[in-house]
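# Architecture and fold: a report
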Amino acid sequence: MKHIVKIMTLLVGISALWFGLLKTSMVPSSHTLLLPIYFIMCLGCYGLLMVGVGLMRFPTCPQEALLLQQDVIEAKGYLKQRGVDVGSE
Amino acid sequence: MAERNKYSIIIPTYNERLNIALVVFLVFKHLWDVDFEIIVVDDGSPDGTQEVVKQLQQVYGEDRILLRARPKKLGLGTAYSHGLKHASGNFVVIMDADLSHHPTYLPSFIKKQLETGANIVTGTRYVKGGGVHGWNLMRKLTSRGANVLAQTLLWPGVSDLTGSFRLYRKSVLEDIISSCVSKGYVFQMEMIVRASRKGYHIEEVPISFVDRIYGSSKLGGSEIVEYLKGLAYLLVTT
C-alpha cells in the first residue's frame with residue numbers, strides 16, 4: 001500500500017472519530033469542535049520539541065576533525081613521494 | 001563462511017583534484033585486506049581531477065582504480081548508474097569525494113553487512129557514535145528540522161535520510177536506482193525510502209561527518225525549496 005494511502009486512512013479514521021464525538025454529544029460540542037485545533041497544536045509542539053531535543057543532543061565529533069588533519073598529512077606525504085600531484089589548491 | 005565478496009566503491013567527482021587523491025589513499029589504507037575497486041565518475045572537471053586520478057592509477061593499478069568519466073555535469077543519479085555499469089563487485093559502496101565521508105568507516109559497513117546479511121547498510125550521523133563537525137547552529141537546526149519533518153511525513157525506518165555514505169548489495173542497488181527519478185540529494189532520500197517500502201533489509205552504522213576542508217560545498221539556499229518539493233513528491237509517490 002502506498003504511504004500516502006496509509007496516512008489518508010489514518011486521517012479518515014481520526015475524522016470519523018471526531019464526527020462520532022460531535023454527533024453523540026458525549027463531550028460538550030464546544031469542546032469537540034476545537035479538537036482538531038488542539039490536535040494540530042499538539043502536533044506542532046511535538047515537532048518543535050523533537051527539533052529542540054535533537055538539536056541539544058546533536059552528536060558532534062571534534063576529535064574526528066583532528067584525526068582527519070593527521071590523515072591528510074600522512075596521505076600527502078605518501079602520495080607526493082609516488083608522483084601524485086597533491087599541491088595545495 | 002562467506003564467499004569471496006568484492007566491493008565496488010563508486011565516487012562521483014566534480015573539481016575534487018586534491019580530495020580524490022586523499023580519499024583513494026585512505027580507502028587503500030583501511031581496506032588493505034578487502035577485495036575492492038574504486039570507480040571514479042568524473043563529470044569533466046576543469047581543475048584536472050582526471051589527471052590526478054590517472055597518476056593514482058600508476059601508483060595503485062588500473063585494475064583497482066577505474067576512471068569512468070563523463071563529458072560534463074550530468075547529475076548524481078546518473079553518475080551512480082554509470083558507475084554501476086562498470087562495477088564488477090557484488091557489493092557497491094557509494095560515498096562522497098570531499099572527505100566528509102571518511103574511509104575509516106568502510107570496514108564497519110562491511111562488518112555490519114556480514115553480521116546481519118542486510119541488503120543495505122547506511123551511515124547515519126544522527127546516532128550516538130556518529131556525529132558532525134564544522135556545522136554551525138543554523139546548519140544543525142536546518143538538518144534537524146528537515147529530519148523531523150521527513151520522519152513525521154514518511155516514516156522511513158532510517159535515522160539519516162539525506163546521508164549518502166552507503167553500502168548496497170549490487171542487485172538491490174540496480175533494482176532501486178531504476179525506479180528513482182529525483183535529482184541531487186533528494187535522490188538519496190528517494191533511494192532509501194523506496195528501499196524501505198520494498199521491504200529490503202536495511203541496517204545503520206554511525207559515521208562521523210567532518211565538513212569539507214578543501215573546496216566549496218555545494219549546499220545552498222534553494223536546496224531547502226528542493227528538499228520540501230522532494231518530500232512532497234516522496235509522500236505521494238512512495
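Residues numbered from 1 in each chain as written. Chains lettered and ligands numbered in written order. Predicted model: local features only at pLDDT ≥ 70, side-chain atom pairs only at ≥ 80, totals over all residues. Heavy atoms only, no water.

## Notes on the overall build of chain A
Helices and strands together make up the secondary structure of chain A, namely three helices and zero strands. What you see in chain A, going N to C, is helices and strands ordered as α-α-α. Against the globule reference of 12 Å for 89 residues, chain A gives a C-alpha radius of gyration of 28 Å, more extended than a compact globule. Seen through its principal axes, chain A has C-alpha atoms that stretch 85 × 35 × 20 Å. Per-residue burial for chain A yields a buried fraction of 21% across its 89 residues. Carbon and sulfur atoms make up 72% of the accessible area of chain A, which amounts to about 6,500 Å² in all. For chain A, the centre of its 7 positive side-chain charges and the centre of its 5 negative side-chain charges are spaced 22 Å apart. (Helix = DSSP H or I, 4+ residues; strand = E, 2+ residues; numbered from the N terminus. Rg over C-alpha atoms; globule rule 2.2 N^0.38 Å. Buried < 20%, exposed > 50% of the residue type's maximum accessible area, 1.4 Å probe, protein only. Areas by Shrake-Rupley, 256 points an atom, 1.4 Å probe, with all protein chains shown as cover. Lys, Arg positive; Asp, Glu negative; His and termini not counted. Charge placed at Lys NZ, Arg CZ, Asp CG, Glu CD.)

## A few points about the layout of surface pockets
The volume enclosed by the second largest pocket comes to roughly 490 Å³. In terms of lining, the second largest pocket is formed by 19 residues, of which the most central are Ile7(A), Leu43(A), Thr152(B), Leu153(B) and Trp155(B). At the level of elements, helix H1 (3-24) and helix H2 (29-56) of chain A together with helix H5 (137-154) of chain B are the ones that each hand at least two residues to the lining of the second largest pocket. Partitioning the lining of the second largest pocket into residue classes produces 16 nonpolar, three polar and no charged. (1 Å grid on protein atoms, 1.4 Å probe; cavity = no way out; pocket = protein on both sides within 12 Å on 5 of 7 lines; lining within 4 Å. Points joined across faces, edges and corners; volume = space filled by probe spheres on them. Nonpolar A, V, L, I, M, F, W, Y, C, P; charged D, E, K, R; others polar.)

## Concerning the nonpolar core
One broad rule of soluble globular proteins: the nonpolar side chains tend to lie buried together. Core analysis: the largest hydrophobic core is formed by 47 residues, its most contacted members being Ile9(B), Phe36(B), Ile38(B) and Leu56(B). When contributions to this core are tallied by element, the ones reaching two or more residues are helix H3 (62-81) of chain A together with strand S1 (7-13), helix H1 (17-30), strand S2 (36-42), helix H2 (49-60), strand S3 (65-67), strand S4 (91-94) and helix H4 (106-116) of chain B. Sort the elements by how many residues they give to this core and H1(B) lands first, with 10 residues. Discounting residues that sit within four places of it in the chain, Ile38(B) has contacts with Ile9(B), Ile11(B), Val24(B), Val27(B), Phe28(B), Arg64(B), Ile65(B) and Leu66(B). Listed in part, the 35 residues of the second largest apolar core include Ile176(B), Met191(B), Ala195(B) and Ile202(B). (Core = buried A, V, L, I, M, F, W, Y, C linked by side-chain atoms within 4.5 Å. Contact = heavy atoms within 4.5 Å.)

## A few points about the interface of chain A and chain B
Of the residues lining the interface, 34 residues belong to chain A; the matching set on chain B comes to 44 residues. Summing the contributions of chain A and of chain B, the shared interface buries around 3,400 Å²; its carbon and sulfur component is 71%. In this structure, the connection of chain A to chain B is made through three salt bridges. A salt bridge links Glu74(A) to Lys29(B); the nearest nitrogen and oxygen atoms lie 3.0 Å apart. On inspection of chain A and its partner chain B, the count reaches 11 residue pairs in polar contact (both at pLDDT 80 or more). Of all the elements in the fold, those that place two or more residues in the side of chain A that touches chain B are H1, H2 and H3 of chain A. (Buried area = accessible area lost by both parts, 1.4 Å probe. Salt bridge = Lys/Arg side-chain N within 4 Å of Asp/Glu carboxyl O. Polar contact = N/O pair within 3.5 Å; in protein donor to acceptor, adjacent residues only side chain to side chain.)

## Quick word on empty space enclosed by the protein
Scanning the model with the defined rule gives one cavity of 30 Å³ or more in all. Of the voids in this model, the largest cavity is the one considered here, and its volume is about 40 Å³. Together, Glu64(A), Leu68(A), Leu99(B), Ser100(B), His102(B), Tyr105(B), Ser208(B) and Val210(B) line the largest cavity. For the lining of the largest cavity, the secondary structure elements donating two or more residues are H3 of chain A together with strand S9 (208-210) of chain B. Of the residues in the lining of the largest cavity, the class split is four nonpolar, three polar and one charged.

## Let's talk about the packing of aromatic side chains
Applying the stated criterion across every chain yields a total of 10 aromatic pairs over all chains. Their ring planes at 65° and their centres at 5.9 Å tell us that Phe58(A) and Trp135(B) sit as a pair that is edge-to-face. Linking Phe58(A) in the loop between H2 and H3 with Trp135(B) in the loop between strand S6 (131-133) and H5, this pair reaches from one chain into another. Each member of the pair, Phe58(A) together with Trp135(B), is buried. With centroids separated by 5.1 Å and ring planes inclined at 50°, the aromatic side chains of Tyr78(A) and Phe25(B) adopt a geometry described as tilted. You can see Tyr78(A) sitting in helix H3 and its partner Phe25(B) sitting in helix H1, one on each of two chains. The class of Tyr78(A) is partly exposed, set by a relative accessible area of 29%. Taken together, the ring pairs in this structure connect Phe58(A), Tyr126(B), Trp135(B) and Phe209(B) into an aromatic cluster. Here the basic side chain of Lys73(B) rests over the ring of Tyr14(B), its NZ or CZ set 4.6 Å away from the ring centre. (Phe/Tyr/Trp six-rings, centres within 6.5 Å; stacked < 30°, edge-to-face > 60°. Lys NZ or Arg CZ within 6 Å of the ring centre and 35° of its normal.)

In short, shape yes, function no, at least from these values alone.
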